[in-house]
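What the coordinates show
Spelled out from the first residue to the last, the chains are:
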Amino acid sequence: MEFSESLIREIVERTLREIGTEKMEKHVDPSGIMSIKVSTVKCEPFAGAKGVGLKDATTLEEAPRMGAGVMELDHGELEWTLTYDEYDYVIEGMLQIEIDGRIIEGKAGDIIYIPRNSHIRFKTPDFTRYAYFVYPANWSELV
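A brief structural summary. (Residues numbered from 1 in each chain as written. Predicted model: local features only at pLDDT ≥ 70, side-chain atom pairs only at ≥ 80, totals over all residues. Heavy atoms only, no water.)

**A word on the overall build of the chain**
Condition: Helix and strand assignments follow DSSP, with helices taken as H or I runs no shorter than four residues and strands as E runs no shorter than two, numbered in order from the N terminus. A 1.4 Å probe rolled over the protein chains alone gives each residue an accessible area, and that area as a share of the maximum for its type sets the label: buried under 20%, exposed over 50%, partly exposed in between. The contact rule is simple, with two residues in contact once any of their heavy atoms fall within 4.5 Å. For the accessible areas, the method is Shrake-Rupley and the probe is 1.4 Å, while residue cover comes only from the protein chains on display.
Counting its regular elements, the chain contains 1 helix and 12 strands. In the chain, the order of α-helices and β-strands from amino to carboxyl end is α-β-β-β-β-β-β-β-β-β-β-β-β. Residue burial in the chain is summarised as follows: out of 143 residues, 33% are buried. Once local pairs closer than 6 in sequence are excluded, the contacts in the chain between residues at least 24 apart make up 63%. For the chain, the exposed area adds up to about 9,300 Å²; of that, 54% sits on carbon and sulfur atoms.

Shown next as structure tokens:
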């Protein structure tokens, strides 16, 4: 049996995605209270953006009103228009938010709030990892 390069790539990418999902440590109590070990959240490449990875930590079924996840930028940037409100908690590195030619910076331990309808550019001069919290959770349906 002969394997093409594209088939091997597809198998490897699917395996890596599944491994990342399996390793996230999350506990959902019957009450609905959830705990997630952020250190176990493995980011996946974000389509079309070099040096950008992210992973949603919650699903709409688990948390239908608010979303949460982890994003990483590695010497990267991402232009984005938010159709939702977002808080970013910087875990590691320095997160820069560019808006209207101004830069707002957050370092490890800082929280940045970005209001709905902001057209921004997420940037970092090196490696940054941060947790994001969005409202509403179904933000992609608002686009």
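**Let's talk about the sheet that holds strand 8 (residues 94–99)**
The condition is simple: One requirement defines pairing of two strands: DSSP has to find at least two bridges between them. Orientation is described by axes fitted as lines to C-alpha atoms, over the contacting stretch for helices, and by angles from 0 to 180 degrees between their N-to-C directions.
Strands sit in the order 6-11-8-9 across an open sheet of 4 strands; the sheet is antiparallel. The open sheet has two free edges, formed respectively by strand 6 (77–81) and strand 9 (102–107), since each of these has just one partner strand. Neighbouring strand axes in the sheet, compared pairwise and without regard to direction, differ in orientation by 20° on average. Two elements, strand 8 and strand 11 (residues 119–123), share 3 bridges in a ladder whose sense is antiparallel. Each residue of the ladder has a partner; that of Gln96, found in strand 11, is Lys123.

**Concerning the environment of Ser39**
With respect to the element layout, Ser39 can be found in the loop between strand 2 (34–36) and strand 3 (44–45). Through-space distance from the C-alpha of Ser39 to that of Met24 is 8.3 Å; in sequence the pair is 15 residues apart.

**Points about the pairing of strand 12 (residues 127–135)**
Of the strand pairs in this sheet, strand 5 (residues 67–74) and strand 12 are connected by 8 bridges, and their pairing is antiparallel. Paired with Val70 across the bridge in strand 12 is Ala131.

**Details of the packing of aromatic side chains**
Heads up, the rule is: Stacked, tilted and edge-to-face pairs are distinguished by plane angle, under 30 degrees for stacked and over 60 for edge-to-face with tilted covering the rest, among Phe, Tyr and Trp rings (Trp via its six-membered ring) whose centres lie within 6.5 Å.
Overall, the coordinates contain 3 aromatic pairs when judged by the stated rule. When the centroid spacing of 5.0 Å and the interplanar angle of 45° are considered together, the rings of Tyr87 and Tyr113 count as tilted. Residue Tyr87 is located in strand 7 (residues 85–92), and its partner Tyr113 is located in strand 10 (residues 111–114); the two are separated by 26 residues in the primary sequence. According to the relative accessible area criterion, Tyr87 is partly exposed, its value standing at 46%. Its relative accessible area of 42% is what places Tyr113 among the partly exposed residues.

**Points about the side chain of Lys55**
Let me state the cut-off plainly: Polar contacts, as used here, are pairs of N or O atoms within 3.5 Å; protein pairs need one atom able to donate a hydrogen and one able to accept it. Residues neighboring in sequence count only if both atoms are side-chain atoms.
One can find Lys55 in strand 4 (residues 52–56). In terms of polar contacts, Lys55 uses its side chain to reach the side chain of Glu44, at 3.1 Å.

**Brief notes about the sheet that holds strand 7**
As summarised here, the arrangement of the 6 strands in space is 3-4-5-12-7-10, forming an open sheet in which the pairing is antiparallel. Edge positions in the sheet fall to strand 3 and strand 10, since each has one partner strand and no second. Relative to strand 4, strand 3 runs antiparallel, the two sharing 2 bridges. By the bridge assignment for strand 4, Glu44 is matched with Leu54.

**Regarding the side chain of Thr128**
With respect to the helices, strands and loops of the structure, Thr128 is situated in strand 12. A distance of 2.7 Å separates a polar side-chain atom of Thr128 from the backbone oxygen of Met94.

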